[in-house]
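# What the coordinates show
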Amino acid sequence: MYNNITLAEIQRNRKKRAIYLAEDAEVELVVKRIFMRTRSLQKGMKIDQAIVDRRGRILIARGAIMDEYLIDSLLKLGINGVYIREGEEDPEEENISLMAKSVIEKTRVEDRSKVKLTESVKKRVAEGIQYLYNNTDTQDFSDATNKITDELMRAISDNEAIAVDISTLKISDEYTFKHSVDVATMAMIVAKQHGLNDKEVYEIGIAGLLHDLGKSKIPNEVLNKPGRLNDEEFAIMKQHSVYGYEILKEKENYSPSVLLGVLQHHEKMNGMGYPMGVSSEKMHLFAKILSVVDIYDALVTERSYKKAFSQRDAVEMIMSMTQELDLNVMKSFLESMILYPVDTIVQLSNGEKAKVVQNNPGYILRPKVVGIETGKIYDLGKDMRCNNIIIM
């Protein structure tokens, strides 16, 4: 339905993995791509983007080593910041032909501005959410919630983020806290894409952070059971959204939108969710957004009783849930997520390896790529001639 996905893509072996995933690669990649202000550049740094003029001519090639002359040239051009690369190159980079490198330089388009959480922000947010879940009765609960949401809102607004690199959302090893921050971050970006205003984006961030707050009232033997829950235990677990709603309602300073987002985040459009089994017309928009991102993050997170799905498999599963999830929200989700960041090297179904040079917001599974040997351009999302080619 969305992203020109084919039946073959849905039905193919789900054990296959996109080769860019570090956890599945034979070689651990230690490359970091960092945005740095030009005035902070130092000699010896490697630039990770090409600098071109208005006619598309390359002034500074990607991979160039910075020296005083190049840094001064960037300043004179009025370029306030660039991406630099730290660490070892992907071994596949050595296999890119000269012809392909030339095509890549000319066709490469930076990804949309993505939300970035610094290590210090991640630490503060993780500690903050853990504090909230462990101290639901504290008098400064609302202030603490707002401080955490402020951190996420700044991360989005500072670089005008409109997308999420879904492979980078790793906040905490502890499931509940990591999951809550992931859900909040994705929900805020999806809400922004969906056309919600800043106040609504902020409020859905609060709802995302607190959507599982009711789990603090679930017995530990059920919450932390190292295996699947039986029917009785699952009935207890399903009450967590009600408990969360009740905790927040008693505080009297959360909007109805936040309360309903927390209460209904496990409801489904077809009325087959919980705790009340309401259908689409009675579901709040916040709940519809939270439902999508909550399911996605649960799919890609490893638990004691299940392995994590790959990001691609999880996206395909979301796309197949047309009866359970709101289609307009699903569309906003797919348009907000980046599955294959620019510069990712992928394996195509035609046997060729290719480098991602541009993402198509409406086609998350089908970016524009360039064959690393032939230099051939495959616009998987827009070129009808590429309909039979998929990323493995």
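Just so it is clear, the structure is predicted and the values come from calculations on it, not from any experiment.

Cut-offs applied
Residues numbered from 1 in each chain as written. Predicted model: local features only at pLDDT ≥ 70, side-chain atom pairs only at ≥ 80, totals over all residues. Heavy atoms only, no water. Helix = DSSP H or I, 4+ residues; strand = E, 2+ residues; numbered from the N terminus. Contact = heavy atoms within 4.5 Å. Buried < 20%, exposed > 50% of the residue type's maximum accessible area, 1.4 Å probe, protein only. Polar contact = N/O pair within 3.5 Å; in protein donor to acceptor, adjacent residues only side chain to side chain. Salt bridge = Lys/Arg side-chain N within 4 Å of Asp/Glu carboxyl O. Axes fitted to C-alpha atoms, helices over the stretch in contact; angles between N-to-C directions. Parallel < 35°, antiparallel > 145°, perpendicular 65-115°, else oblique. Left-handed = near helix turned anticlockwise from the far one by under 90°. Nonpolar A, V, L, I, M, F, W, Y, C, P; charged D, E, K, R; others polar. Pairing = 2+ DSSP bridges. Expected span 1.5 Å × (residues − 1). Patch = residues over 30% accessible without salt bridge, like charges linked within 9 Å, V, L, I, M, F, W, Y side chains within 5 Å. Areas by Shrake-Rupley, 256 points an atom, 1.4 Å probe, with all protein chains shown as cover. Lys, Arg positive; Asp, Glu negative; His and termini not counted. Charge placed at Lys NZ, Arg CZ, Asp CG, Glu CD. pLDDT = per-residue confidence, 0-100. Phe/Tyr/Trp six-rings, centres within 6.5 Å; stacked < 30°, edge-to-face > 60°. Lys NZ or Arg CZ within 6 Å of the ring centre and 35° of its normal.

## Observations regarding the environment of Glu 160
Here Glu 160 lies in the loop between α5 (141–158) and β6 (164–165). With 47 residues separating them along the chain, Glu 160 and Ser 113 place their C-alpha atoms 6.6 Å apart. Beyond its immediate sequence surroundings of up to four residues, Glu 160 is in contact with Ser 113 and Lys 192.

## Regarding the environment of Asn 360
Of note, Asn 360 is situated in the loop between β9 (353–358) and β10 (368–371). Given the relative accessible area of 4%, Asn 360 is considered buried. Measuring from C-alpha to C-alpha, the distance between Asn 360 and Leu 380 comes to 9.0 Å, with 20 residues separating the pair along the chain. Beyond its immediate chain neighbours, meaning those up to four positions away, Asn 360 contacts Arg 366, Pro 367, Lys 368, Asp 379, Gly 381 and Lys 382. At a separation of 3.1 Å, a polar atom in the side chain of Asn 360 contacts the main-chain carbonyl oxygen of Arg 366.

## A look at the pattern of salt bridges
Side chains that differ in sign of charge can pair as their charged atoms come close. Taken as a whole and judged by the stated rule, the model has 15 salt bridges. Measuring nitrogen to oxygen at the nearest pair gives 3.0 Å for the salt bridge that ties Glu 110 to Arg 108. Residues joined by salt bridges that share partners form a network here, namely Arg 108, Glu 110 and Asp 343.

## Things to note about the packing of helix α11 (residues 256–264) against helix α12 (residues 285–299)
Contact geometry of α11 with α12 gives a least axis separation of 8 Å together with a crossing angle of 40°. Here α11 is positioned oblique relative to α12, judged by the angle of their axes. Taken as a pair, α11 and α12 cross one another with a handedness that is right-handed. Contacts between α11 and α12 involve Ser 257, Val 258, Leu 260, Gly 261 and Gln 264 from the former and Phe 286, Ala 287 and Leu 290 from the latter. Here the contact of α11 with α12 is built from residues that sort into 5 nonpolar, 3 polar and no charged.

## Comments concerning the packing of α5 against helix α7 (residues 198–210)
Direction vectors running N to C along α5 and α7 enclose 115°, while the axes themselves pass 9 Å from each other. The handedness of the crossing between α5 and α7 is right-handed. Contacts between α5 and α7 pair Phe 141, Thr 145, Asn 146, Ile 148, Thr 149, Asp 150, Leu 152 and Met 153 from the former with Asp 198, Val 201, Tyr 202, Gly 205, Ile 206, Leu 209 and Leu 210 from the latter. Classifying every residue of the contact of α5 with α7 by side-chain character gives 9 nonpolar, 4 polar and 2 charged.

## What about the sheet that holds strand β11 (residues 377–379)?
Hydrogen bonds between backbone groups are what pair the strands of a sheet, and the pairing can be parallel or antiparallel. Strands sit in the order β8-β9-β10-β11 across an open sheet of 4 strands; the sheet is antiparallel. Only two strands of the sheet have a single partner each, and these edge strands are β8 (345–347) and β11. Going from strand to strand, the sheet's axes swing by 35° on average, the running direction of each strand aside. Of the strand pairs in this sheet, β10 and β11 are connected by 3 bridges, and their pairing is antiparallel. If you follow Val 370 over to β11, its bridge partner there is Ile 377.

## Topic: α12
Counted at 1.5 Å a residue, the expected span for α12 with its 15 residues is 21 Å, and the 22 Å between its end C-alpha atoms agrees. Of all 15 residues that make up α12, 13 are buried, and the element is covered over most of its length.

## Here's the deal with a negative patch on the surface
There is a patch of like negative charges on the surface, built from Asp 137, Glu 246, Glu 250 and Glu 252. Within the secondary structure, Glu 252 is located in the loop between α10 (240–251) and α11. Assessed through its relative accessible area of 71%, Glu 252 is described here as exposed.

## Quick notes on helix α14 (residues 327–336)
Burial within α14 is extensive, with 7 of its 10 residues counted as buried. Buried within α14 are the following residues: Val 329, Met 330, Ser 332, Phe 333, Leu 334, Glu 335 and Ser 336. One side-chain oxygen at the N-terminal end of α14 lies 3.0 Å from the backbone nitrogen of Asn 328; it belongs to Asp 326.

## Brief notes about the confidence of the model for the protein
Per-chain confidence: the protein averages 84 in pLDDT, with 86% of residues scoring 70 or above. Confidence, read as mean pLDDT per element, is least for helix α1 (residues 7–11) in the protein (42) and greatest for α11 (98). Note on residues 1–29: pLDDT is under 50 here. Beyond four places in sequence and across chains, it has 60 contacts.

## A look at unusual backbone geometry
For the bond running from Tyr 274 to Pro 275, omega is 15°, close enough to zero to count as cis. Examined against the element boundaries, Pro 275 turns out to sit in the loop between α11 and α12. Residue Glu 252 is not a glycine yet carries a positive backbone phi of 60°.

## So, the packing of aromatic side chains
Across all of its chains, the model carries 2 aromatic pairs by this definition. Geometrically, the ring pair formed by Phe 234 and Tyr 274 is edge-to-face, given 5.9 Å between the ring centres and 85° between the ring planes. Of the two residues, Phe 234 sits in helix α9 (residues 231–237) while Tyr 274 sits in the loop between α11 and α12, which places them 40 residues apart along the sequence. On the accessibility criterion, Phe 234 (38% relative accessible area) is partly exposed. Ring geometry for Tyr 296 versus Phe 333: centroids 5.6 Å apart, planes at 55°, classification tilted. Taken as a pair, Tyr 296 in helix α12 and Phe 333 in helix α14 lie far apart in primary sequence, 37 residues in all. Here the two residues Tyr 296 and Phe 333 agree in accessibility, since each one is buried. The lysine or arginine in question, Lys 251, covers the ring of Phe 141, its NZ or CZ lying 4.6 Å from the ring centre.

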